[in-house]
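Breakdown of the fold
Listed here are the chains, written in short residue letters.
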Amino acid sequence: MNDRAIRGITSNKQIRFFAVNSTNTCKKASESHFLSVTSTIFLGRMISAAIMMGMDLKDYNSSLTVKIKSEGPLGGATVVSRNNGEIKGYVDNPEFEQSAESSLYGLKIGSAVGSGLLTIIKDLNLEQPFSGQIELQTGEIGDDLAYYYMKSEQIPSAVGLGILVNPDASIRTSGGFIVQLLPFASEETITQLEENINKMPNVSDLMDMGKTIEQILSDFILKGFEFKITDELEPSFKCDCSKDKFRNGVKLLGIEDLQDAIDKEGYLQAHCHFCNSKYTYNREELEDMIQELNKEK
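Not measured: the values here are computed from a predicted model.

Conventions used here
Residues numbered from 1 in each chain as written. Predicted model: local features only at pLDDT ≥ 70, side-chain atom pairs only at ≥ 80, totals over all residues. Heavy atoms only, no water. Helix = DSSP H or I, 4+ residues; strand = E, 2+ residues; numbered from the N terminus. Rg over C-alpha atoms; globule rule 2.2 N^0.38 Å. Contact = heavy atoms within 4.5 Å. Lys, Arg positive; Asp, Glu negative; His and termini not counted. Charge placed at Lys NZ, Arg CZ, Asp CG, Glu CD. Pairing = 2+ DSSP bridges. Axes fitted to C-alpha atoms, helices over the stretch in contact; angles between N-to-C directions. Buried < 20%, exposed > 50% of the residue type's maximum accessible area, 1.4 Å probe, protein only.

1. Looking at the overall build of the protein chain
Of the regular secondary structure elements, the protein chain holds 11 helices and 13 strands. Computed over its C-alpha atoms, the radius of gyration of the protein chain comes to 21 Å, within 12% of the 19 Å expected for a compact globule of 297 residues. For the protein chain, the spread of C-alpha atoms along the principal axes amounts to about 70 × 45 × 35 Å. Partitioning the intrachain contacts of the protein chain with sequence separation of at least 6 by distance along the chain shows that 64% fall at a separation of at least 24. In the protein chain, 30 side chains carry a positive charge and 43 a negative one; their mean positions are 3 Å apart.

2. Digging into the sheet that holds strand β11 (residues 236–237)
Backbone-to-backbone hydrogen bonds pair the strands of a sheet. The strands run either parallel or antiparallel. Spatially, 6 strands are ordered β7-β6-β3-β4-β5-β11 in an open sheet, and the strand pairing comes out mixed. Whereas interior strands pair on both sides, the edge strands pair on one side only; in this sheet they are β7 (130–135) and β11. As defined by bridge partners, strand β3 (residues 63–70) adjoins strand β6 (residues 116–123) across 8 bridges and the pair is classed as antiparallel. Across the sheet, the residue bridging to S70 is G116, located in β6. The strands touched by helix α2 (residues 37–54) within the sheet are β3, β4 (76–81), β5 (86–91) and β6, with β4 carrying the most contacts at an inclination of about 30 degrees.

3. Side note on the environment of F184
Note that F184 resides in the loop between β9 (171–181) and α6 (187–199). Judged by relative accessible area, which is 84%, F184 ranks as exposed.

4. Some points on the environment of C272
As for its position among the elements, C272 is in the loop between β12 (267–271) and β13 (278–282). Judged by its relative accessible area of 4%, C272 is buried. Each C-alpha atom, one on C272 and one on S70, is 21 Å from the other, the two residues being 202 residues apart in sequence.

5. Considering the sheet that holds strand β10 (residues 227–233)
With antiparallel pairing, the 5 strands of this open sheet are ordered in space as β8-β9-β2-β1-β10. At either margin of the open sheet sits one strand with a lone partner, and together these are β8 (157–165) and β10. Strand-to-strand, the axes of this sheet are offset by a mean angle of 15 degrees, without reference to chain direction. Of the strand pairs in this sheet, strand β2 (residues 15–21) and β9 are connected by 7 bridges, and their pairing is antiparallel. When the bridges of β9 are listed, F17 appears paired with V179. Against the sheet, helix α1 (residues 23–33) makes contact with β2 and β9, and its axis sits at roughly 120 degrees relative to β9, the strand it touches most. Running over the sheet, helix α5 (residues 142–153) touches β8 and β9 and is turned about 160 degrees from β8.

6. Quick look at unusual backbone geometry
Positive phi is not limited to glycine here, since F34 has a value of about 55 degrees. Assignment of secondary structure puts F34 in the loop between α1 and α2. On the basis of relative accessibility, which here comes to 64%, the residue F34 falls in the exposed class. Positive phi, close to 60 degrees, is recorded for N125, a residue that is not glycine. Relative to the elements of secondary structure, N125 occurs in the loop between β6 and β7.

Here you go:
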């Protein structure tokens, strides 16, 4: 089954929602970076969130970055999404593993994340990107994002992010939801939504039982509400890096460093943090760069 992300609004126009099944996308991310169980949970939750948040972007050339910099052993993570569901990301310490009990059964990673900052950057191709930042509240990602929405954008939100990971770090299910109250939401709507969310099981457990994201919305999150889906897309873990793009960055090393690479190794290798791809530039390619730099003087 392909991954899917949807967004929509309730018929009373008081709640807007996002939901995502990101299982395959997170599998590819985990496999690309050789993540531990703990790192898989960490990055998987961030990927699910960023896919949904990225659906608000106006066009493909815009981007949304979710970045956590923390003092815990995971160190942090960075995820970048676009409005078509393309996403890329990495964890600072992909090999870190905490105790099996807390990783596999409690699914709590707050202690591994630790204290730190959550930053959201929206690059809309304007003069300056929009940036908002909060201190992490729990390190469990969903709670922190709900706090971010309230603190930085004054939008009452509930964020649920779930991921089921096997002991070998393979992913069984991954997904999540974001529901947000729109202006002038009634007390009746607020009360019903709160009751629904407080009663519902973990979203990844429901997916593991075979529930689709539409069923999770209708049977649990938005139970008692009529709603319509306004947009949907198929997410994918996809990086836009290439050897040609990295070439410009390699040239920035300058003539001396490029010549040093030729003299010592005979080649130079560049590494993409977002997808773990490696690009090798041989002696001839490095010499061509040096010639270009000499002409640019």
